[in-house]
Amino acid sequence: MLRRDRLFLAATLTAIFSADLYFILLPKLRSLGRTHSCPCGSSNLSLPKQGGLATPLLSNWTSVPLLDGATPEPADGGSKLGKLFAHPLYNIQTPALGPEERLLQAEQLIEYYRRKVSRWERHMKLYSEAAAEANITVTEHEVTYDPDASWLKFHLGINRYALYSRDDPAVLQLLKDMQNMAVVSADYTQDEKALKGACDCTQVVKPSGHHLKLALKMKNFAKAMFKPMRQRRDEETPEDSFYFVDLQRHNAEIAAFHLDRILDFRRVPPVAGRLVNVTGEVLQVTHNEDLRAVFFTSPANNTCFFAKCLYVCKTEYAVCGSPDLLEGSLSAYLPGLSIAPRISIPNPWTRSYTFTGREEWEVNPFYCDTVKQLYPYNSGNRLLNIIDMSIFDFLIGNMDRHHYEIFTKFGDEGFLLHLDNARGFGKHSQDEMSILAPLSQCCMIKRSTLLRLQILARSEFRLSDVMRESLEGDPLRPVLTEPHLSALDRRLQKVLRVVQRCVRRLGEDEVITKDFIKATGKPQTATVGERAR
């Protein structure tokens, strides 16, 4: 028996020594053998040479201290957000855009627009005739055909690299239009229409009808998805709630757009907050009788409506105005699938949408090795874009990224769309590290992403400060409470620590992928917060 114990002890010590040799000593020896110096050590990381621009030094990301709650202003009292967007890191030049790099051509989009106008005119004529026969008064709104509409310019600006350019004035105008322009039509979204009210109550993951979202059309035919306020800003998601039954938060959609722009991903469609009159801008302009049927007046004399799915067709699940005004987010629609097809792809790191199940990545620390062998993750930028998305989701606390979408025109090298972010910003007191599994398991990150994270960890560009300033331009300010803003700083530090551990174990060349393009000499001249005010 004693001899068996000794053999077991010897085998255990041998295994521990082998693991240390493989994971710690060998990577260090390989890094020492390289001829170049590793910027992840005591020296500072810096940007590559940038055509006449000074190369800024960034603070050593391996030793950035935890940030406290203070929010010091720049020495000259200027805009931190403006200085961030003027930084060379935010003025990287993309290649010249030819027809193949643009999602749509102007002639194609204008023809699509004209068809929408003709279809609307035919629909309104038939609806007015039917209403007249039934002796029903129809509220008619003026609609305009505007080939210079901001939403058209936004759609024309979508390219292989992002949804919009860094200084695109059309995006700023689109935000203003969604905040102020008259609504001429309200309807259910297409996915809710597909349910036809027949919801399977046995499903753990409820269909879209549970989330009370509507499609609103503006007088210039711009279309936006409206998600009403369901939760107060100071409320946290209860500890015992599963991520797949969490409420969708309108302010999370707004904040996610601003964060995505600050990170320079530009993969979230523009989102603006708005006080919507649910009587005048929804009930009185909808032509859908099913939608009309879910409106009622509460005992407090407030106008309310609820989702049409049978299992939530109850007044206790409704949202109500005060008495008619209701906060909500308006997300700009992307071009229609008929002219800009998209496909939805399961996230390799999707979660189990059951109460007890677990996915392979949750139990297998080497899961990424399997993913790297699979198409389309075995080449190109797809896996790196998944990791970008996981960092974004970790910062906002979104555990509900079961699919992602891409434009089919751009193929495997196209960017991922960061859609449906309303389940973010639910818990400021908890950081769900499992969201970072793609980063921690694959130990890969784009150099541009890492450097932007680093600069946002510096006091002069602190992430919480620039987010606060950017969100000040939204009509529903304050969009986030201070604990949520502080959580962004805390989570950013944790992302940097994960990268640090990867670099220590594998070396910089294995972890950090160089992806820079030449910088321009012309910095951005305005910010969302400044131009939207």
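Scroll up a little and you will see the structure.
Model, not experiment: these values are computed from the prediction. (Residues numbered from 1 in each chain as written. Predicted model: local features only at pLDDT ≥ 70, side-chain atom pairs only at ≥ 80, totals over all residues. Heavy atoms only, no water.)

> Even after reading the chapter, I still don't get the overall build of the protein chain, so can you show me in this structure?
A tally of regular secondary structure across the protein chain gives 18 helices and 14 strands. Counting over 533 residues, the protein chain shows a buried share of 51%. Considering only contacts in the protein chain between residues 6 or more positions apart, those separated by 24 or more positions represent 77%. Carbon and sulfur atoms make up 54% of the accessible area of the protein chain, which totals about 24900 Å². (Helix = DSSP H or I, 4+ residues; strand = E, 2+ residues; numbered from the N terminus. Buried < 20%, exposed > 50% of the residue type's maximum accessible area, 1.4 Å probe, protein only. Contact = heavy atoms within 4.5 Å. Areas by Shrake-Rupley, 256 points an atom, 1.4 Å probe, with all protein chains shown as cover.)

> What should I look at first to understand the pattern of salt bridges in this one?
Side chains that carry opposite charge are capable of pairing whenever their charged atoms lie near each other. The full count for this structure, using the stated rule, is 25 salt bridges. Here arginine 232 and aspartate 234 are joined by a salt bridge, their closest N and O atoms 3.3 Å apart. Counted as one network, the salt bridges with shared partners bring together Lys80, Asp465, Arg468 and Glu482. (Salt bridge = Lys/Arg side-chain N within 4 Å of Asp/Glu carboxyl O.)

> Just checking my understanding: could you explain the state of the cysteines for this structure?
Applying the stated criterion across every chain yields a total of three disulfides. Cysteine 368 shares a disulfide with cysteine 442; S-S distance 1.9 Å. Between cysteine 368 and cysteine 442, the S-S dihedral sits near 105°, and the bridge is therefore right-handed. Taken together, the residues cysteine 368 in helix α11 (residues 367-371) and cysteine 442 in helix α13 (residues 437-442) connect sequence positions 74 residues apart. Grouping residues by exposure puts cysteine 368 and cysteine 442 together as buried. (Disulfide = S-S within 2.5 Å.)

> Just to check I follow, could you spell out helix α14 (residues 447-456) for this structure?
The periodicity of an α-helix, 3.6 residues per turn, causes residues three or four places apart in sequence to face the same way. A large share of α14 lies buried, amounting to ten of its ten residues. Taken together, the buried positions of α14 are Arg447, Ser448, Thr449, Leu450, Leu451, Arg452, Leu453, Gln454, Ile455 and Leu456.

> What is the right way to look at the packing of aromatic side chains in this model?
The geometry of an aromatic ring pair is captured by the separation of the ring centres together with the interplanar angle, meaning the angle of the planes. For the structure shown, the criterion picks out eleven aromatic pairs. Considering the side-chain rings of tryptophan 349 and tyrosine 367, the 5.5 Å spacing of their centres and the 85° angle between planes classify their relative orientation as edge-to-face. Here the residue tryptophan 349 occupies a position in the loop between β11 (342-346) and α10 (360-363), and tyrosine 367 occupies one in helix α11, the gap between them amounting to 18 residues. Residue tryptophan 349 is classed as buried on the basis of its relative accessible area, which comes to 6%. On the basis of relative accessible area, tyrosine 367 is assigned to the buried category, the value being 11%. An aromatic cluster of at least three residues, connected via ring pairs, comprises Tyr113, Trp120, Tyr145, Trp151 and Phe221. (Phe/Tyr/Trp six-rings, centres within 6.5 Å; stacked < 30°, edge-to-face > 60°.)

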